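Tertiary structure, described
Residues per chain are reported as follows:
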Amino acid sequence: MSHASTPSPITARAGTPLRGRLRPPGDKSISHRAMILGLLSIGETRVEGLLEGDDVLRTAAAARALGAGIDHDGPGRWRVRGVGIGALTDPAGVLDFGNAGTGSRLMMGVVGGQPVTATFDGDASLRKRPMRRILDPLVRMGTVVVSQEEGGRVPLTLRGPDEAIPITYETPVASAQVKSAVLLAGLNAPGTTTVIEAAATRDHTERMLRLFGAEVSVATHGPEGHGRAIALTGQPTLRAADVVVPADPSSAAFPVVAALLVPGSDVVIEGVMMNPLRTGLITTLLEMGADITRLNEREEGGETVADLRVRASRLTGVTVPPERAPAMIDEYPVLAVAAAFAEGTTRMQGLHELRVKESDRLAAVAAGLKANGVAHGVEGDDLIVHGDGGPAPGGGTVATHLDHRIAMAFLVMGLASRDPVTVDDGAMIATSYPAFLADLRGLGGGFAD
């Protein structure tokens, strides 16, 4: 999908209560990793429930270009025939990741640890995103950065070593992408690669590496035990595995908040991943007074999942501590929307990482709030939203900056605000939640495009 095409504005307006059931798309983090570990394993990996958004399809295309055999057997069902560690082939062309920050960074870890040369590129949004934090540890592991744009941005070309150098790396920021890139590069290192993080981040890579047969140990780290030390034994033989992809909690966030805000709503959202390192938004909404009930908890694909019953609720402002950010970093835009309807002030602390997402999300959220008459402030890396317990005014047009989560968050606002809310472009929503409009319409949401 090209983001250089004509923008597609969308308007959301308040209407009837939201009622019914839906299953959000498969988790994007696990979908990316299923394709990548399928590439690096021996045998045929079967995947059910894969997110078929543009981001993941770009990762699938890159895996195919690096040597994997990939077949699509139907909606969400894929087979990946891997080549094994150390046996990747040089791609014939550029690996174009479109808007996929996660896919590009994880695949840089793969290429950076293997005897292969590849060029990475993406759309205008991805070309603005910093890659230096990925490249720095990879260079220590033997990766050669053949070419790069200013600041380590794409397009860039990497050449990996015959064998990666095992390192111990302390991440300068809490980033599951950095951690994962180092561990993936360490798969081709003759020894132990260790990543130390001051705050625990998403652990999907560690879990899936074990599923495919790697030896990974995790220990608490730091004086208060908030951090983790993850050690990977290099050069394992990864074996193909069956992967069932649970519903993405970051995508589920949008119908969850919509159901809380639209009066009279009662919605069940099925099969949502409940990994504790991904449920920061649910924790925060419960603190605000949200009526959210977990139903039918079970295990799928190595992760705990549950159905969530969500009913319209009166919310109260809270302070969200900075240490919660890694567990909900993608959900702050829609949390800011929820805060606009809450009674009192919500302060979201320590949001530096929002400045280096698909857009400067902190600035984009603040601008969207301003456009829709919501009292707010930004103090350093904190976002403060002042609500009066009633509907947000709405009536504005939001600049999305090619950011799918900004688009969906403010469309959720429009479903419950006094006046309709318009986003300047909704085309990029397909990168993570292709059925977003259809799903919300199915519950009763009103959109015009």
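Refer to the structure printed above.
Reading the values: the criteria
- Residues numbered from 1 in each chain as written.
- Predicted model: local features only at pLDDT ≥ 70, side-chain atom pairs only at ≥ 80, totals over all residues.
- Heavy atoms only, no water.
- 1 Å grid on protein atoms, 1.4 Å probe; cavity = no way out; pocket = protein on both sides within 12 Å on 5 of 7 lines; lining within 4 Å.
- Points joined across faces, edges and corners; volume = space filled by probe spheres on them.
- Helix = DSSP H or I, 4+ residues; strand = E, 2+ residues; numbered from the N terminus.
- Nonpolar A, V, L, I, M, F, W, Y, C, P; charged D, E, K, R; others polar.
- Pairing = 2+ DSSP bridges.
- Contact = heavy atoms within 4.5 Å.
- Axes fitted to C-alpha atoms, helices over the stretch in contact; angles between N-to-C directions.
- Buried < 20%, exposed > 50% of the residue type's maximum accessible area, 1.4 Å probe, protein only.
- Right-handed = clockwise from strand over helix to strand, strands pointing away.

As a further point, take the layout of surface pockets. Rolled over the atoms, a probe as big as a water molecule pinpoints where empty space is left. Put simply, the largest pocket is a space of about 660 Å³. Lining the largest pocket we find 39 residues, and of these Ala 174, Ser 175, Ile 329, Glu 353 and Lys 357 sit closest to its centre. Mapped by element, the contributors of at least two residues to the lining of the largest pocket are helix H1 (28–40), helix H3 (101–112) and helix H5 (176–186). Across the lining of the largest pocket, the residue classes break down as twelve nonpolar, eleven polar and 16 charged. In this model, the second largest pocket occupies a volume close to 210 Å³. Lining the second largest pocket are Leu 260, Leu 261, Pro 263, Ala 312, Ser 313, Arg 314, Leu 315, Phe 341, Gly 389, Gly 390, Pro 391 and Ala 416. Classifying every residue of the lining of the second largest pocket by side-chain character gives eight nonpolar, three polar and one charged.

An order of S22-S23-S1-S24 is seen for the four strands of this open sheet, with the pairing classed as mixed. Each of the sheet's edge strands pairs with one partner strand only, and the pair in question is strand S22 (397–398) and strand S24 (446–448). Alignment of strand S1 (residues 10–13) against strand S23 (residues 421–423), held across three bridges, turns out to be antiparallel. The residue of S23 that forms the bridge with Ile 10 is Val 423. Sitting on the sheet, helix H11 (residues 404–414) is in contact with S1, S22, S23 and S24, with an inclination near 165° to S23. Packing against the sheet, helix H12 (residues 436–443) makes contact with S1 and S24, and its axis sits at approximately 140° to S24.

Of all six residues making up strand S11 (residues 192–197), five are buried, and the element is well covered by its neighbours. Relative to S11, strand S10 (residues 168–170) runs parallel, the two sharing three bridges. When the bridges of S11 are listed, Glu 170 appears paired with Ile 196. Note that the unit made of S10, H5 and S11 has a crossover that is right-handed. Inspection of the sheet shows S11 paired to strand S13 (residues 227–233) by six bridges, in the antiparallel sense. Counted as the bridge partner of Thr 193 is Leu 232 from S13.

Function cannot be inferred from these measures alone, as they are strictly geometric.
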